[in-house]
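# An overview of the molecular structure
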2 protein chains.
Amino acid sequence: MEELIQKASLLKNLTSELGALSTTDKNEALLLIADELENEIEFVLEENKSDVLKGEEKGLSPSLIDRLTLTESRIKDMAQALRLLVELKDPIKEVISETTRPNGLILKKIRVPLGVIGMIYEARPNVTIDAASLCLKTGNAVLLRGSSSALHSNKALVSVIHKALGKSNIPKDAVQLLEDTSRDTAEKMFTLNDYLDVLIPRGGASLIQTVVEKSSVPVLETGVGNCHIYIDDSADKQMAIDITVNAKTQRPSVCNAAETVLIHEKWAVEHFKELVEKLAEKGVELRGDQRALQLDNRLVAASEEDWDTEHLDLILSIKVVSSIEEAMEHIQIYGTKHSEAIISETKDNVEKFFTYVDAAALYHNASTRFTDGFEFGFGAEIGISTQKLHARGPMGLEAMTSTKYIILGTGQIRS
Amino acid sequence: MEELIQKASLLKNLTSELGALSTTDKNEALLLIADELENEIEFVLEENKSDVLKGEEKGLSPSLIDRLTLTESRIKDMAQALRLLVELKDPIKEVISETTRPNGLILKKIRVPLGVIGMIYEARPNVTIDAASLCLKTGNAVLLRGSSSALHSNKALVSVIHKALGKSNIPKDAVQLLEDTSRDTAEKMFTLNDYLDVLIPRGGASLIQTVVEKSSVPVLETGVGNCHIYIDDSADKQMAIDITVNAKTQRPSVCNAAETVLIHEKWAVEHFKELVEKLAEKGVELRGDQRALQLDNRLVAASEEDWDTEHLDLILSIKVVSSIEEAMEHIQIYGTKHSEAIISETKDNVEKFFTYVDAAALYHNASTRFTDGFEFGFGAEIGISTQKLHARGPMGLEAMTSTKYIILGTGQIRS
């Protein structure tokens, strides 16, 4: 607790100074971190190794071990990402609008940092660098609370950041890592409204759920994606198959991968077997509703839970529907408002889908896998918002800002 | 509880339909409500009278009774506000940005309603009409939870709305009033994440605090304002006096009224007595720090609590400071990030104030009383946000919207 308050108040006291920094100073600091990371590859790998060994002893799954593991090339990628971030436009101090009121007051809306950002994340050391660099570029102070399984790696990375910031014009205390990774301390962050302006949880559904439920600090909810593809009766056969296979198999472990395909009965009658064939070739386990089961015996019955689950694995649920309305109703019930696609050649149906489906990203004739800050051209990403306030969809630099009004008067008073 | 879930799910089921409504249909509905309000003045006044009588019996303070009371002219003002709202631009379906990615994907960001908005407010029946009309204009469904002290008035107003909507193309269920005004039911709204997209509390500090602390539904925090005026050494004497008197006395009961004046010692030496004179003439009770007390014996000593309190009354705390830095530090400690003003003729100091003071609205040579949706030219206001996420400062129609991305492809898959 003492560490938490001490670090949080250190950060809070830096917010005005950070908000006033020039773009040049911030970019220089990012480049210094990139260089320092490359200089310290051996040290970081050494520290990471002790986390990985401990993780293996504890029996973490291969995919968790993979996310935890740093390599020389992964560290070089981090440094490269930092250099790319330098190229991006600094949103801070941007004048978003300027109006003159009838009484002569000049009203400017300008972009400012959020203040102190709390990041709570699982055992992925790359998030340490991602979050710290996005926060520095936007003049935010950041309190990092990573997983205990990645503590050595995170401490090494933050020490690299501090070393680099020491050579820059940015106060090195702007990035703080909690070394106390107890659950209790994390939960105390949830109500630290006097110090934290926002909490961003990154990780699995249960972590995010806990933060949303328990936090009085405003939360930017990220990333659970139960994404659907609806294949309309008019869908081009090859396009529908290619997109479905891509959305399910290109990287099944991520939130913008598809979990369920809804197929119009007319399309299903003609092309179901070919779709199933291609998916089976890629090793996808297929689960279907009653109508889908009748069309191909390679499917097993889908349970109610399947429709509701982000498998993040090579498992796909298939439902045959009688109309686009039935598909949209299914999406409304089971979707998580992340990414939804329609494959269709019927303009009216595409319009209907875009109007009535409620999600951060809606696709026509494209894979859901594109919901991503880099693919959207933001150059960087702190996560994908599935809530409706503040930011929706991939969150880049702009999502890490707030605004303030500057009002210039000449003695105006209100009558 | 049953009423709550029944009404909340009714609203949730209407969200796609409301989001798709045309501006014409929405404006027509607003005009019908305006007409119906004027037709039903007698009925509404009758119902309001029973709330007022009950309030007087319960011993509500005169200012609360005033806020609760409707009059013919107040109802006509509501109708007029509805007609003005019709003139404002409908933000829904606006294309905010459109880009084409290197792979040919066309990415559009469009404005959509938030969904279902929960309003929790105190005994001010005008909020019923304000909230319902702003929500209707932006295609949002709204669940109103007013005070039990205003229940008859609110029921009457919502029945007027329903009657008008019955003649329009907007589903009349889009506006729902909770008749169960128990605290228990209000608290259940706080965790109704499956139905509510946002909660907006409007009222006193303790109501807002409770909602922020207990709600897992995202909150738009409104309105506590402990606003300061800093009079710099170079401030024009008359301007500083006029602005201070205006910011304190023009309407002391509102959140953008000033609560504390910070005066540079050089200005104080010359003009303190004259400022105090003018404030005393207006009946302002003056409380001061040690240095202020020495300058004029009409002041009483300010307590620590005074610096920290939104009095909403004719009470003003005065502190003499040695520098702009001391003033800014005071504001950082006690301010609520609402509205802060500097009166100065020194450009560098104004720049410093704008850069380092963290608040929704910063004024140079103008009264803090201008922080208001109408004064800012938004035409309407659901409240003044003092948080940093989503919306900051006066919230008009745009603050009641979210966005979604529409992505148009020609078969793109991710490699």
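Residues numbered from 1 in each chain as written. Chains lettered and ligands numbered in written order. Predicted model: local features only at pLDDT ≥ 70, side-chain atom pairs only at ≥ 80, totals over all residues. Heavy atoms only, no water.

### Remarks on the overall build of chain A
Each helix and strand in chain A was counted, giving 15 helices and 16 strands. Relative to the compact-globule value of 22 Å for 415 residues, chain A shows a C-alpha radius of gyration of 24 Å, a close match. In chain A, which comprises 415 residues, the share counted as buried stands at 58%. In chain A, once contacts between residues fewer than 6 apart in sequence are set aside, the share between residues at least 24 apart is 73%. With an accessible surface of roughly 16200 Å², chain A has 48% of that area assigned to carbon and sulfur atoms. (Helix = DSSP H or I, 4+ residues; strand = E, 2+ residues; numbered from the N terminus. Rg over C-alpha atoms; globule rule 2.2 N^0.38 Å. Buried < 20%, exposed > 50% of the residue type's maximum accessible area, 1.4 Å probe, protein only. Contact = heavy atoms within 4.5 Å. Areas by Shrake-Rupley, 256 points an atom, 1.4 Å probe, with all protein chains shown as cover.)

### Side note on the pattern of salt bridges
Here the structure, examined in full by the defined rule, presents 58 salt bridges over all chains. Among the ionic pairs, Lys 273 of chain A bridges to Asp 296 of chain A, the shortest N-O distance being 3.1 Å. On the criterion of sequence distance, the pair formed by Lys 273 of chain A in helix α11 (residues 265-281) and Asp 296 of chain A in the loop between α12 (290-295) and β10 (300-301) is long-range, its members being 23 residues apart. On the basis of relative accessible area, Asp 296 of chain A is assigned to the buried category, the value being 1%. Each of Asp 197 of chain A together with Lys 337, Asp 358, Lys 388 and Arg 392 of chain B takes part in a single network of salt bridges with overlapping partners. (Salt bridge = Lys/Arg side-chain N within 4 Å of Asp/Glu carboxyl O.)

### Here's the deal with the interface of chain A and chain B
On the side of chain B, 70 residues touch chain A, which itself brings 70 residues to the contact. Summing both partners gives a buried area of about 5700 Å² for chain A against chain B, and 54% of it is carried by carbon and sulfur. In terms of surface lost to chain B, no three residues of chain A exceed Leu 389, Tyr 405 and Arg 414 of chain A, which account for 15% of the buried area on that side. Linking chain A with chain B are 6 salt bridges, by the criterion used here. (Buried area = accessible area lost by both parts, 1.4 Å probe.)

### Brief notes about helix α9 (residues 205-214) of chain A
All names here are of chain A. Residues of α9 that are buried include every one of Leu 207, Ile 208, Val 211 and Val 212, and no others. Projected onto a plane normal to the axis of α9, the buried residues spread over an arc of 130 degrees and lie on a single side. Considering only its buried residues, α9 is in contact with β3 (116-121) and β6 (198-202). (Arc of directions from axis to C-beta.)

### Regarding the packing of helix α14 (residues 324-334) of chain A against helix α15 (residues 347-356) of chain A
Residues and elements named next belong to chain A. For the pair α14 and α15, the least separation of the axes is 11 Å and the interaxial angle reads 20 degrees. Comparing the axis directions of α14 and α15 gives the class roughly parallel. Between α14 and α15 the crossing geometry is right-handed. On the side of α14, the interface is formed by Ile 324, Glu 325, Met 328 and Ile 331, while α15 contributes Asn 349, Lys 352, Phe 353 and Tyr 356. Of the residues assigned to the contact of α14 with α15, the class counts are 5 nonpolar, 1 polar and 2 charged. (Axes fitted to C-alpha atoms, helices over the stretch in contact; angles between N-to-C directions. Parallel < 35°, antiparallel > 145°, perpendicular 65-115°, else oblique. Left-handed = near helix turned anticlockwise from the far one by under 90°. Nonpolar A, V, L, I, M, F, W, Y, C, P; charged D, E, K, R; others polar.)

### Remarks on the side chain of Asp 289 of chain A
On the secondary structure map, Asp 289 of chain A appears in the loop between β9 (285-288) and α12. Comment: no salt bridge for buried Asp 289 of chain A; closest opposite-charge side chain is Lys 319 of chain A, at 4.9 Å. (Lys, Arg positive; Asp, Glu negative; His and termini not counted.)

### Points about the relation of the copies chain A and chain B
The two copies are related by a screw motion: chain A maps onto chain B through a turn of 180 degrees and a shift of 0.0 Å along the axis, at an RMSD of 0.0 Å. In the structure described here, the two chain copies are related by an operation that fits a two-fold rotation axis. The C-alpha atom lying nearest the rotation axis in chain A is that of His 390 of chain A; the distance is 1.8 Å. Taken together, the interface assignments show that 100% of the residues at the interface of chain A recur at the interface of chain B, consistent with an identical surface on both copies. (Least-squares fit on C-alpha atoms with pLDDT ≥ 70 in both.)

### With respect to the sheet that holds strand β8 (residues 258-264) of chain A
Taken together, 10 strands build an open sheet; the order of strands is β10(A)-β9(A)-β11(A)-β8(A)-β7(A)-β12(A)-β13(A)-β16(B)-β2(B)-β1(B) and the sheet is mixed. At either end of the open sheet lies a strand with only one pairing partner, and these are β10 of chain A together with β1 (95-100) of chain B. As paired strands, strand β13 (residues 361-366) of chain A and strand β16 (residues 401-412) of chain B are joined by 5 bridges and run parallel to one another. From the neighbouring strand, Ala 366 of chain A faces β16 of chain B, where its bridge partner is Gln 412 of chain B. Each of β7 (227-231), β12 (339-343) and β13 of chain A together with β16 of chain B is contacted by α15 of chain A, which is oriented at about 160 degrees to β13 of chain A, the strand it contacts most. (Pairing = 2+ DSSP bridges.)

### With respect to the pairing of β13 of chain A
All names here are of chain A. Among the 6 residues in β13, 6 count as buried, and that is most of the element. In this sheet, β13 lies alongside β12 in parallel orientation, the contact comprising 4 bridges. Within the sheet, the bridge partner assigned to Glu 340 lies in β13 and is Leu 362. A crossover links β12 with its parallel partner β13, the connecting element being α15, and its sense is right-handed. (Right-handed = clockwise from strand over helix to strand, strands pointing away.)

### Digging into the sheet that holds strand β3 (residues 116-121) of chain B
Strand pairing within a sheet occurs via backbone hydrogen bonds; the two strands may be parallel or antiparallel. Residue and element names in this part refer to chain B. With respect to topology, 4 strands assemble into an open sheet ordered β5-β4-β3-β6, the strand pairing being parallel. Sheet topology places β5 (175-177) and β6 (198-202) at the edges, where each strand pairs with a single neighbour. Between one strand axis and the next, the sheet turns through 20 degrees on average, direction left out of account. Here β3 runs beside β6; their pairing, made up of 5 bridges, is parallel. Its bridge partner being in β6, Gly 118 is matched across the sheet by Leu 199. Set on the sheet, helix α6 (residues 125-137) makes contact with β3, β4 (141-145), β5 and β6; between it and β3 the angle comes to about 165 degrees. Along the sheet, helix α9 (residues 205-214) contacts β3 and β6; its crossing angle with β6, the most-contacted strand, is approximately 160 degrees.

### A few points about empty space enclosed by the protein
In this structure the tally under the stated criterion is 1 cavity of 30 Å³ or more. Quantified by volume, the largest cavity comes out at close to 30 Å³. Considering the residues around the largest cavity, the lining is formed by Phe 370, Glu 375 and Phe 376 of chain A together with Arg 101, Leu 105, Leu 107 and Ile 407 of chain B. Residues that form the lining of the largest cavity fall into these classes: 5 nonpolar, no polar and 2 charged. (1 Å grid on protein atoms, 1.4 Å probe; cavity = no way out; pocket = protein on both sides within 12 Å on 5 of 7 lines; lining within 4 Å. Points joined across faces, edges and corners; volume = space filled by probe spheres on them.)

### A look at the UniProt feature "coiled-coil region" (unreviewed entry) in chain A
Taking the numbering used here, the UniProt-annotated feature "coiled-coil region" (unreviewed entry) corresponds to residues 27-54 of chain A. Measuring from the first to the last C-alpha atom of residues 27-54 of chain A gives 36 Å, for a span that is 96% helix and 0% strand. (UniProt positions renumbered as here; feature names shortened; annotations may be inferred.)

### Here we look at the packing of helix α2 (residues 23-39) of chain B against helix α5 (residues 72-87) of chain B
Residue and element names in this part refer to chain B. Closest axis-to-axis distance for the α2/α5 pair is 9 Å, and the angle between their directions is 165 degrees. The pairing of α2 with α5 is recorded here as roughly antiparallel in orientation. Along this stretch, α2 crosses α5, giving a crossing that reads as left-handed. Together, Asn 27, Leu 30, Leu 31, Ile 33, Ala 34, Asp 35, Leu 37 and Glu 38 of α2 and Ile 75, Lys 76, Met 78, Ala 79, Leu 82, Arg 83, Leu 85 and Val 86 of α5 make up the contact between the two elements.

### Concerning the side chain of Thr 222 of chain B
Residue and element names in this part refer to chain B. Along the polypeptide, Thr 222 turns up in the loop between α9 and β7 (227-231). We classify Thr 222 as buried; its relative accessible area is 5%. The residues contacting Thr 222, other than those within four sequence positions of it, are Ile 200, Pro 201, Arg 202, Ile 208, Gly 383, Ile 384, Ser 385, Thr 386 and Met 395.

### Section: the packing of aromatic side chains
By convention here, two paired aromatic rings are described through the distance between centres and the angle between planes. Overall, the coordinates contain 6 aromatic pairs over all chains when judged by the stated rule. On the numbers, 6.0 Å between centres and 90 degrees between planes, the contact of Phe 376 of chain A with Phe 378 of chain A is edge-to-face. Here the aromatic rings of Phe 376 of chain A and Tyr 405 of chain B are separated by 5.0 Å at their centres, their planes lie at 65 degrees, and the arrangement is edge-to-face. Here Phe 376 of chain A is found in the loop between β13 and β14 (383-385), whereas its partner Tyr 405 of chain B is found in strand β16 on a different chain. Over the ring of Trp 307 of chain A we find Lys 319 of chain A; its NZ or CZ atom is 6.0 Å from the centre of that ring. (Phe/Tyr/Trp six-rings, centres within 6.5 Å; stacked < 30°, edge-to-face > 60°. Lys NZ or Arg CZ within 6 Å of the ring centre and 35° of its normal.)

### Considerations on the domain arrangement of chain A
Residues and elements named next belong to chain A. Assigned domains of chain A: these are domain 1 (2-221 + 387-408) and domain 2 (227-370). Averaged C-alpha coordinates put domain 1 and domain 2 at centres separated by 35 Å. Facing the 4 residues of domain 1 at the interface are 5 residues of domain 2. With both chains or domains summed, domain 1 and domain 2 bury close to 350 Å², and 37% of this area falls on carbon and sulfur atoms. For the pair domain 1 and domain 2, the interface holds 2 salt bridges. (Domains from an automatic or database assignment.)

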